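Spelled out from the first residue to the last, the chains are:
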Amino acid sequence: MKPEGIKIIVFADLDGSLLNDKYEYNQIEPIIHQLLSLNVSIVFASSKTRNEIEFYRNKWQISDPFIVENGSAILIPENYFGIHYESTRRMLGYNIIELGTAYCIIREKLDVVRNRTGANIVGFGDLTAEEIAKDSGLPLYLAQLAKKREYSEPFKILDGIEKDVLVAIIEEGLCYTRGGRYLHALGNCDKGQATSILEKLYLQQFKRIFSIGVGDSANDLTMLKIVDKPFFVNKTADKKAVWKEIESIARAQKKTLNH
Ligand SMILES: [Mg+2]
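Source: prediction; values computed, not measured. (Residues numbered from 1 in each chain as written. Predicted model: local features only at pLDDT ≥ 70, side-chain atom pairs only at ≥ 80, totals over all residues. Heavy atoms only, no water.)

This paragraph deals with the coordination of the magnesium ion. Donor atoms from the polypeptide that coordinate the magnesium ion comprise Asp-13 (OD), Asp-15 (O) and Asp-216 (OD), at 2.1 to 2.2 Å from the metal. Going along the chain, you hit the donors of the magnesium ion in the pattern D-x1-D-x200-D. With Asp-15 in the loop between strand S1 (4–12) and helix H1 (29–37) and Asp-216 in the loop between strand S11 (206–215) and helix H8 (221–226), this residue pair connects regions lying 201 residues apart in the sequence. By relative accessible area, which is 25% here, Asp-15 ends up partly exposed. Asp-216 sits in the buried class, given a relative accessible area of 13%. (Donors = N, O, S within 2.8 Å, 3.2 Å for Na, K, Ca; no water. Helix = DSSP H or I, 4+ residues; strand = E, 2+ residues; numbered from the N terminus. Buried < 20%, exposed > 50% of the residue type's maximum accessible area, 1.4 Å probe, protein only.)

Considered domain by domain, the chain is made up of domain 1 (4–100 + 190–258) and domain 2 (103–186). If you average the C-alpha positions of domain 1 and of domain 2, the two centres end up 25 Å apart. Taken residue by residue, the interface counts 22 residues in domain 1 and 19 residues in domain 2. When domain 1 packs against domain 2, close to 1,700 Å² is buried across both sides, 52% of that on carbon and sulfur atoms. The tally of links between domain 1 and domain 2 comes to 2 salt bridges. Glu-150 is paired through a salt bridge with Arg-50; the nearest N and O atoms lie 3.8 Å apart. Taken together, the connections running from domain 1 to domain 2 amount to 11 residue pairs in polar contact (both at pLDDT 80 or more). (Domains from an automatic or database assignment. Contact = heavy atoms within 4.5 Å. Buried area = accessible area lost by both parts, 1.4 Å probe. Salt bridge = Lys/Arg side-chain N within 4 Å of Asp/Glu carboxyl O. Polar contact = N/O pair within 3.5 Å; in protein donor to acceptor, adjacent residues only side chain to side chain.)

The next point concerns the packing of aromatic side chains. Tallied over the full model, the rule gives 13 aromatic pairs. Both rings, one in Phe-55 and one in Tyr-56, keep their centres 5.0 Å apart while their planes meet at 90°; by these two values the pair is edge-to-face. With a relative accessible area of 23%, Phe-55 lands in the partly exposed category. Judged by its relative accessible area of 1%, Tyr-56 falls in the buried class. Between Tyr-202 and Phe-206, the aromatic rings sit 6.3 Å apart at their centres with planes inclined by 25°, giving stacked as the arrangement. Residue class for Phe-206 comes out buried when judged on its relative accessible area of 6%. Taken together, the ring pairs connect Tyr-25, Phe-44, Phe-55, Tyr-56, Trp-60 and Tyr-141 into an aromatic cluster. Residue placement shows Lys-229 over the ring face of Phe-231; its charged tip is 5.5 Å from the ring centre. (Phe/Tyr/Trp six-rings, centres within 6.5 Å; stacked < 30°, edge-to-face > 60°. Lys NZ or Arg CZ within 6 Å of the ring centre and 35° of its normal.)

Next comes the structure, spelled out in structure tokens:
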């Protein structure tokens, strides 16, 4: 069953890609609305938690799947795809494909890394929401959502040798990735793997797809490799111009693919 001909999907990181360094989105918001009115799917793929990403999905009434905690899980609204696919579990109206490792295990292993290296590692689990808000610049209500972690730990090394910490993380069987503000410890997964799984599901549902990716950090590179049209947003880049280009590519693709 292939009910529709084409689907354009934007895989979008949030911090530094859609949100600026003050977590503002005013300039990009109208473009998001334009993309949605073109029936483009917007799949957020972020280091953020389910709760944080839901905040933005609700704000813009986006009902597409999303990728949480750097590729640790894919959340697909039930009935979104009219096809059968494997998922790890069903919860809160989502079919969830889990690729990462449970947060409690990540925390336990980070403790081992701390003891082995003697480094002063501070993760979100060690901080209050107020402290996270202060350190990240997030408003308190979003910092509270950022603390509700399921699969990964953002952290900073306050004292110690970064290389030793990263090697120890790998030796403990975890992975790490670098976002705009924090390092993240997580299971053996990344945004690219999650993006690839979702693209395959879209391809079962639609005859043709065209994927666009937008990211600003090292943790986005695996995702940007997978998509048809990647955008890497430099720190100094004009985000609005990037998103305008995404909109015009989506419009052009829609015309081309429809013929
Ligand atoms: Mg980012």
